[in-house]
Amino acid sequence: MSVTVKIPTQLRSVTGGESETAVEEATTVGEVLDGLYDRFDGLRDRIAEDGGLRRFVNVYVGGEDIRFLDGLDTAVDDGDEVTILPAVAGGQ
Amino acid sequence: MAIEALKCKECGTTYPLEARYVCEDCFGPLEVAYDFSGLDAESTRRRIQAGPQSIWRYSDFLPFDSQPRTALAAGITPLVRADRLAERLGVGEVWVKNDAANPTHSFKDRVVTVALAKAQELGFQVVACASTGNLANAVAAHAAAAGLESYVFVPADLEEQKILATGVYGTNLVAVNGNYDDVNRLCTELAGEREWGFVNVNLRPYYAEGSKTVAFEIAEQLGWELPDRIVAPIASGSLITKIARGFEEWLEVGLVEGQLPKFNGAQAEGCSPVAQAYEAGRDFCSPVKPQTIAKSLAIGNPADGPYALDLARRTDGGIDAVTDDEIRAGIKLLAETTGIFTETAGGVTTATLAKLAARGEIGPDERVVLVITGEGLKTLDAVRGSFETIDVEPTTESFASAAGVGAVA
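What counts as what
Residues numbered from 1 in each chain as written. Chains lettered and ligands numbered in written order. Predicted model: local features only at pLDDT ≥ 70, side-chain atom pairs only at ≥ 80, totals over all residues. Helix = DSSP H or I, 4+ residues; strand = E, 2+ residues; numbered from the N terminus. Rg over C-alpha atoms; globule rule 2.2 N^0.38 Å. Buried ≥ 20, exposed ≤ 12 C-beta atoms within 10 Å, placed from the backbone. Contact = placed C-beta atoms within 7 Å. Core = buried A, V, L, I, M, F, W, Y, C linked by C-beta atoms within 7 Å. Expected span 1.5 Å × (residues − 1). Pairing = 2+ DSSP bridges. Nonpolar A, V, L, I, M, F, W, Y, C, P; charged D, E, K, R; others polar. Domains from an automatic or database assignment. Axes fitted to C-alpha atoms, helices over the stretch in contact; angles between N-to-C directions. Parallel < 35°, antiparallel > 145°, perpendicular 65-115°, else oblique. Right-handed = clockwise from strand over helix to strand, strands pointing away.

**Quick notes on the overall build of chain A**
Part 1 of the reasoning: Secondary structure summary: chain A contains two helices and seven strands in total.
Part 2 of the reasoning: Seen in sequence order, chain A has helices and strands lined up from the N terminus as β-β-α-α-β-β-β-β-β.
Part 3 of the reasoning: For chain A, whose C-alpha radius of gyration is 12 Å, the value lies close to the compact-globule estimate of 12 Å for 92 residues.
Part 4 of the reasoning: When its C-alpha atoms are laid out on the principal axes, chain A stretches across 35 × 30 × 25 Å.
Part 5 of the reasoning: Counting all 92 residues of chain A, 39% fall into the buried class.
Part 6 of the reasoning: For chain A, the share of sequence-separated contacts (at least 6 apart) that also reach a separation of at least 24 residues comes to 55%.

**Some thoughts on the nonpolar core**
Part 1 of the reasoning: By size, the foremost hydrophobic cluster in this structure holds 147 residues, and its most contacted members are A:V32, B:A115, B:C129 and B:V139.
Part 2 of the reasoning: Excluding anything up to four places from it in sequence, B:C129 contacts B:L135, B:A136, B:V139, B:V152, B:F153, B:F198, B:V199 and B:N200.

**Description of helix α9 (residues 238-253) of chain B**
Each α-helix winds once per 3.6 residues, and so residues spaced three or four apart point in a common direction.
Residue and element names in this part refer to chain B.
Part 1 of the reasoning: Compared with an ideal rise of 1.5 Å per residue, which puts 16 residues at 22 Å, α9 spans 22 Å between its outermost C-alpha atoms and is within 8% of the ideal.
Part 2 of the reasoning: Here α9 lies mainly inside the structure; 12 of its 16 residues are buried.
Part 3 of the reasoning: Residues of α9 that are buried include every one of S238, L239, I240, T241, K242, I243, A244, R245, G246, F247, E249 and W250, and no others.
Part 4 of the reasoning: Two residues or fewer after α9 comes G254, characterised by a positive phi angle close to 90 degrees.

**Notes on the sheet that holds strand β7 (residues 81-86) of chain A**
Whether parallel or antiparallel, the strands of a sheet pair through hydrogen bonds between backbone atoms.
Residue and element names in this part refer to chain A.
Part 1 of the reasoning: Ordered in space as β2-β1-β7-β5-β6, the five strands form an open sheet in which the pairing is mixed. The open sheet has two edge strands with one neighbour each: β2 (20-24) and β6 (64-65).
Part 2 of the reasoning: Relative to β7, strand β1 (residues 2-6) runs parallel, the two sharing three bridges. When the bridges of β7 are listed, K6 appears paired with T83.

**Focus on the interface of chain A and chain B**
Part 1 of the reasoning: If you look at the interface, chain A gives 23 residues, while chain B gives 36 residues.
Part 2 of the reasoning: When residues of the side of chain A that touches chain B are traced back to their parent elements, those giving at least two are α2 (43-47), β5 (57-61) and β7 of chain A.
Part 3 of the reasoning: Taken together, the residues of the side of chain A that touches chain B break down into 11 nonpolar, seven polar and five charged.

**Topic: the domain arrangement of chain B**
Residues and elements named next belong to chain B.
Part 1 of the reasoning: Segmenting chain B into domains produces domain 1 (1-35), domain 2 (79-105 + 211-383) and domain 3 (108-208).
Part 2 of the reasoning: On a C-alpha basis, the centres of domain 2 and domain 3 stand 24 Å from each other.
Part 3 of the reasoning: In this complex, domain 2 contributes 21 residues to the contact, which on the side of domain 3 involves 19 residues.
Part 4 of the reasoning: Among the secondary structure elements, those contributing two or more residues to the side of domain 2 that touches domain 3 are α8 (212-221) and α9.

**Regarding the sheet that holds strand β2 (residues 14-15) of chain B**
Residue and element names in this part refer to chain B.
Part 1 of the reasoning: Here we have three strands laid out as an open sheet, ordered β2-β1-β3, and antiparallel in their pairing. The open sheet is flanked by β2 and β3 (30-34), the only strands paired with a single partner.
Part 2 of the reasoning: In terms of strand pairing, strand β1 (residues 3-8) meets β3 through five bridges, oriented antiparallel. Looking at the pairing, C8 lines up with L30 of β3.

**Description of the environment of B:S272**
Residues and elements named next belong to chain B.
Part 1 of the reasoning: With respect to the element layout, S272 can be found in the loop between β11 (262-268) and α10 (273-280).
Part 2 of the reasoning: When the 27 C-beta atoms within 10 Å are taken as the criterion, S272 is described as buried.
Part 3 of the reasoning: When the C-alpha positions of S272 and A321 are compared, they lie 6.3 Å apart, and in sequence the two are 49 residues distant.
Part 4 of the reasoning: When neighbours within four sequence positions are excluded, S272 is seen to be in contact with Q267 and A321.

**What to know about α10(B)**
Part 1 of the reasoning: Burial in α10(B) covers these residues: B:P273, B:V274, B:A275, B:A277 and B:Y278.
Part 2 of the reasoning: A positive backbone phi angle near 75 degrees is found at B:G281, which sits one or two residues after α10(B).

**Concerning the packing of helix α12 (residues 324-338) of chain B against helix α13 (residues 344-358) of chain B**
All names here are of chain B.
Part 1 of the reasoning: Where α12 contacts α13, the two axes come as close as 7 Å, and the packing angle between them is 90 degrees. One way to sum up the angle between α12 and α13 is to call them roughly perpendicular. Side by side, α12 and α13 meet where E326, I327, R328, A329, G330, I331, L333 and L334 of the first sit next to T344, G346, G347, V348, T350, A351 and A354 of the second.

**Observations regarding the pairing of strand β7 (residues 149-155) of chain B**
Residues and elements named next belong to chain B.
Part 1 of the reasoning: The element β7 is largely enclosed, with a buried count of six among its seven residues.
Part 2 of the reasoning: Pairing of strand β6 (residues 126-130) with β7, which is carried by five bridges, proceeds in the parallel orientation. Looking at the pairing, A128 lines up with Y151 of β7.
Part 3 of the reasoning: For the handedness criterion, the β-α-β arrangement of β6, helix α4 (residues 134-146) and β7 is classed as right-handed.
Part 4 of the reasoning: Bridge analysis of β7 against strand β8 (residues 172-176) gives five bridges, and the strand direction is parallel. Within the sheet, the bridge partner assigned to V154 lies in β8 and is A175.
Part 5 of the reasoning: Regarding the hand of the β-α-β motif, the stretch spanning β7, helix α5 (residues 160-167) and β8 is right-handed.

Written out as structure tokens, the structure is:
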């Protein structure tokens with residue numbers, strides 16, 4: 001079982017330039033992120049605080065904001081795509 | 001000049017003045033930082049008064065080293081005293097800042113003219129945006145005037161008027177099967193992959209600065225005075241917070257005196273994440289799925305929501321939400337009392353003012369400015385069926401009988 005994670009430009013300095021990576025053995029978004037934190041030094045400080053995500057970080061599973069799902073407890077399946085993006089875009 | 005750097009609103013980290021919008025340390029939004037200590041009030045005022053009839057008269061407060069020349073400018077829209085509206089609402093003094101009177105009929109011309117001037121300075125050949133319509137119109141038009149290629153991404157279910165009024169400028173119009181937040185997410189991803197200037201993504205710190213000119217114009221048009229209260233719509237929350245910033249900068253430089261007005265934000269109930277957070281006493285916004293006729297305000301995940309909440313609270317203002325029926329009534333109220341036909345967003349704002357008046361929150365001596373951001377012709381569906389025509393044969397008898405006015409003696 002494997003989940004694809006898309007990394008935004010702003011985080012690629014800590015992922016060694018990787019724009020996409022795969023996480024095995026994760027059943028929730030929280031576990032996917034934990035897998036990334038183990039692999040990439042400094043990533044946790046950039047996007048997480050107090051056990052949750054920083055308020056300007058958006059995470060999507062299959063294009064849906066996890067705040068409409070179960071947050072970090074949102075289940076992920078084999079082949080799912082998790083996208084991390086900054087929340088500050090917008091203004092119509 | 002006064003422009004210094006890009007600075008994170010959350011942690012204060014500074015960055016060079018490039019096409020970037022996110023703090024790499026904390027993911028907070030970046031905004032332009034200035035040093036106004038070199039500006040004295042008198043000479044700045046004279047420079048403004050001698051400036052062009054556009055937002056570029058306020059160049060001292062915009063993110064450029066020298067005054068840009070743009071093919072299609074914006075701003076200097078009318079500030080109209082609305083005595084009949086004030087009378088109808090039972091309040092003292094209301095002014096309407098009519099930003100429908102911009103080149104593409106919304107306040108978006110202000111932010112786009114700033115963003116495109118910056119895009120050209122930074123050397124972008126292609127500009128783009130995620131939009132619910134007004135921004136699409138503005139980007140397509142200003143890009144055409146500047147000779148830049150443009151890509152405009154909109155939700156596929158947008159009002160036909162806004163689609164037609166975008167495509168006519170020869171842009172690459174991309175209709176996305178999703179809502180605005182989907183469009184926004186797509187553009188945020190694309191901005192990381194392409195060397196394009198997305199006006200409301202990687203150029204957003206500059207783009208947002210254009211909204212300050214609403215405040216500058218209001219103050220100048222009121223004879224270098226501040227109003228007591230501003231009622232403005234909230235979508236992403238950028239406009240209302242930048243209007244406040246504009247007043248704060250002029251207070252700092254000494255161009256105006258007094259204190260920051262009260263700020264009242266207006267949202268549609270069908271997309272009111274900021275109003276809900278205000279009501280619940282929260283300092284963050286939970287995203288919502290928009291369901292409202294006010295499509296130009298339908299951002300379910302407002303980037304500047306926390307800052308709009310803070311502004312409403314610290315100025316003793318507030319944030320209200322109004323129903324679709326109240327929005328339609330707001331459009332009619334403004335039209336019938338001022339002769340100004342606004343789009344649904346303006347209906348939201350007018351209905352919010354009516355609500356504040358009905359609750360008795362507006363003092364008898366207050367000078368209130370209602371910020372009308374767009375043109376009624378863009379959302380005609382909102383008024384369809386709201387009145388009846390008098391159908392007659394081309395005879396005086398038919399007219400007299402149908403109109404019920406009686407025959408002329």
